[in-house]
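# Commentary on secondary and tertiary structure
Here is what each chain is made of, one letter per residue.
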Amino acid sequence: MRLSRYFLPILREVPKEAEIISHRLMLRTGMIRQESAGIYAWLPLGKRVLDKICNIIREEQNRAGAVEILMPTIQSADLWRESGRYDDYGKEMLRIKDRHERDMLFGPTNEEMLTEIVRAYVKSYKDLPLNLYHIQWKFRDEVRPRFGVMRSREFLMKDAYSIDLDFESAVTAYNRMFVAYLRTFARLGLKAIPMVADTGPIGGNHSHEFIILASTGESQVFCHADYLAMDTPAAGVNFDDAEELQSIVNRWTSLYAATEEKHDEAAFGVIPEGERLSARGIEVGHIFYFGTKYSAPMGAKVTGPDGVDSPVHMGSYGIGPSRLVAAIIEASHDENGIIWPEAIAPFSVGLLNLKAGDAATDAACDSIYATLTAKGVDVLYDDTDERPGSKFATADLIGLPWQIIVGPKGLAAGTVELKRRADGARETLSLESALARIV
Ligand code: ATP
Ligand code: MG
Ligand code: MG
Ligand code: MG
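Notes on the structure in this doc start here. Just so you know, the residues in each chain are numbered from 1, in the order the chain's sequence is written. Each chain takes a letter, starting from A, and each ligand takes a number, starting from 1, following the order in which they are written. Whole-chain, interface and lining totals are the exception, using all residues; otherwise, since this is a predicted model, local features are given only for residues with pLDDT of at least 70 and side-chain atom pairs are given and counted only at 80 or more.

## Some details on helix 5 (residues 111-121)
Heads up, the condition is: Partly exposed residues are those whose C-beta has more than 12 but fewer than 20 other C-beta atoms within 10 Å; 20 or more makes a residue buried and 12 or fewer makes it exposed, with C-beta atoms placed from the backbone. Only DSSP runs of H or I covering at least 4 residues are called helices, and only runs of E covering at least 2 are called strands; the numbering of each starts at the N terminus. Throughout, a residue-residue contact means that the two C-beta atoms, derived from backbone geometry, are no farther apart than 7 Å.
Restricting attention to buried positions, one finds in helix 5 the residues Glu-111, Glu-112, Leu-114, Thr-115, Glu-116 and Val-118. Looking at the buried residues of helix 5, the elements they touch are helix 3 (77-83), helix 4 (85-88), strand 7 (130-139), strand 8 (154-164), helix 9 (295-298) and strand 16 (313-319).

Here it is as structure tokens:
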């Protein structure tokens, strides 16, 4: 992409309304624009990152055997009356009336709708296990939308729903998502810790929030420091092997980790002083087994091998891709701007032409741009006539992993400069060696 033809509305001023660094940087780099309180438009740079995050989530959901669908954003209130949640949900739900005075709502989550789909089609234990997910916009009328897309009213969620015959197979379904989440967050360059979370009236041990430690996090969390060094399950995990899944989950739940609601000071106190982490955290994912909470009142039943009908056991599994964009920036930035992890960078390379209009410099840049693009590398080519200082600042601010800096002086000596954003390391190299580093 040539910057001269792109839409990258960089703000030179730090917007006053933004309290935390990720919100400031997302506004400064023109990733998002607030349209109403807690409601954002995604501009090109932000959209690219959001899409990359969704693709990693999708790959790991598919690997774990979940199947993608797409449910609507607008739901009928009647569905929620069946589960009994229409009145309970309170003011976070945006309620709408259509022209026929029917009660509709903008979905804050999809348990009811998914249960309705299952009820319509899934009739036998032979159709199970099943896990259906979608990536769709949700609306929750948060009392205090803040921190940009970290806590917005309209936000993107990946929500998966598992459907099983009984508790035992539902636990395996839960474990599949647990392992998929560990892999997803690791691929996003994050250390997310699964923490015991509240299960409400259902009880049991099957609710975990995946938390990233960050000083700007809204929850207080407590865990063993060894979580930060634990290995992530490999891509070759067999998601059909219940024992293998259970052993990974056992390892990842063997140490203390709890959110404030489930915190047990006595159990935490047993951990040696230096290994205790009491910190602020950001909830980026949440998995939950809820049994027959919706299937029983809504009549989603299957016939078992014994010929008896019983309500299916279900769980739901959420990740917030839009919140993740902000959380990743909280975890990865410096005083000059964002530092994108390779896997989700909007472009892998920034190509900086220091003397646009100079025939030799333009020719060299055009050729680098063509070579990298042909190899499938995403390049943002700064071909504008801005001053070099401003190009350097923009490149650092938007945080692409690599910068190739091309100017007439270097070219005369047969070299370009290669800068790695993460540590600022700069090298003067022949063009061939610079390209070899990247592809
Ligand atoms: P929170 O405790 O932050 O309000 P939640 O527990 O209400 O979140 P869940 O219902 O568990 O959220 O939804 C699943 C995921 O959706 C969360 O883990 C989070 O990543 C994301 N999410 C929830 N609310 C928001 C929001 N207002 N803005 C952005 N992402 C959100
Ligand atoms: Mg909430
Ligand atoms: Mg929560
Ligand atoms: Mg939650």
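Further notes follow.
## Quick notes on the sheet that holds strand 23 (residues 426-430)
This is how the line gets drawn: DSSP bridges decide pairing: two strands pair if at least two such bridges lie between them. Note on definitions: angles span 0 to 180 degrees between N-to-C directions of axes, and those axes are lines fitted to C-alpha atoms, for helices only across the stretch in contact.
An order of 20-19-21-22-23 is seen for the 5 strands of this open sheet, with the pairing classed as mixed. Only two strands of the sheet have a single partner each, and these edge strands are strand 20 (379-382) and strand 23. Across the sheet, the mean angle separating the axes of adjacent strands is 25° when strand polarity is ignored. Direction of pairing for strand 21 (residues 402-406) relative to strand 22 (residues 415-420): antiparallel, over a ladder of 4 bridges. Note on strand 22: the bridge partner recorded for Trp-402 is Arg-420. Taken strand by strand, helix 11 (residues 359-374) contacts strand 19 (349-353), strand 20 and strand 21, and its axis lies near 165° from that of strand 19.

## Re the site of ligand 1
Note the following rule: Working rule for contacts: place C-beta from the backbone, and if it is within 6 Å of a molecule or strand, that residue counts as near it.
Around ligand 1 sit 15 residues in total, of which Phe-155, His-286, Gly-318, Gly-320 and Arg-323 are the nearest. With 4 residues, strand 13 (residues 276-291) is the largest single contributor of residues to the shell around ligand 1.

## A closer look at the nonpolar core
We apply this condition: For the purposes of this analysis, a nonpolar core is taken to be any set of buried Ala, Val, Leu, Ile, Met, Phe, Trp, Tyr and Cys residues that are connected through C-beta atoms within 7 Å.
In this structure, Met-177 and Ile-404 are the most contacted members of the largest nonpolar core, which totals 108 residues. When residues no more than four places from it in sequence are discounted, the contact partners of Ile-404 are Val-349, Leu-351, Leu-352, Ile-368, Val-416, Leu-418 and Ala-434.

## Some details on the packing of helix 6 (residues 167-187) against helix 7 (residues 242-252)
Convention followed: Roughly parallel means an angle under 35 degrees; roughly antiparallel, over 145; roughly perpendicular, 65 to 115; everything else is oblique. Helix crossings are classified by the rotation of the near helix relative to the far one: an anticlockwise turn of less than a right angle makes the crossing left-handed, while a clockwise turn makes it right-handed.
At a closest axis distance of 9 Å, the pairing of helix 6 and helix 7 adopts a crossing angle of 60°. Judged on the interaxial angle alone, helix 7 and helix 6 are oblique. Between helix 6 and helix 7 lies a crossing of left-handed hand. For the pair helix 6 and helix 7, the contacting residues are Thr-172, Asn-175, Arg-176, Phe-178, Val-179 and Leu-182 in the first and Ala-242, Leu-245, Gln-246, Ile-248, Val-249 and Trp-252 in the second.

## Observations concerning the environment of Leu-79
Inspection of the secondary structure assignment puts Leu-79 in helix 3. Separated by 335 residues in sequence, Leu-79 and Gly-414 place their C-alpha atoms 68 Å apart. What Leu-79 contacts, discounting residues up to four positions off in sequence, is Glu-112, Met-113 and Glu-116.

## As for the pairing of strand 7
Sheet faces and side chains relate simply in a regular strand, where the side chains alternate between the two faces. Here 2 bridges tie strand 3 (residues 67-68) to strand 7, and the two strands are oriented parallel to one another. Paired with Val-67 across the two strands is Leu-132, which belongs to strand 7. Alignment of strand 7 against strand 8, held across 10 bridges, turns out to be antiparallel. Directly across from Tyr-133, in strand 8, lies its bridge partner Ala-160.

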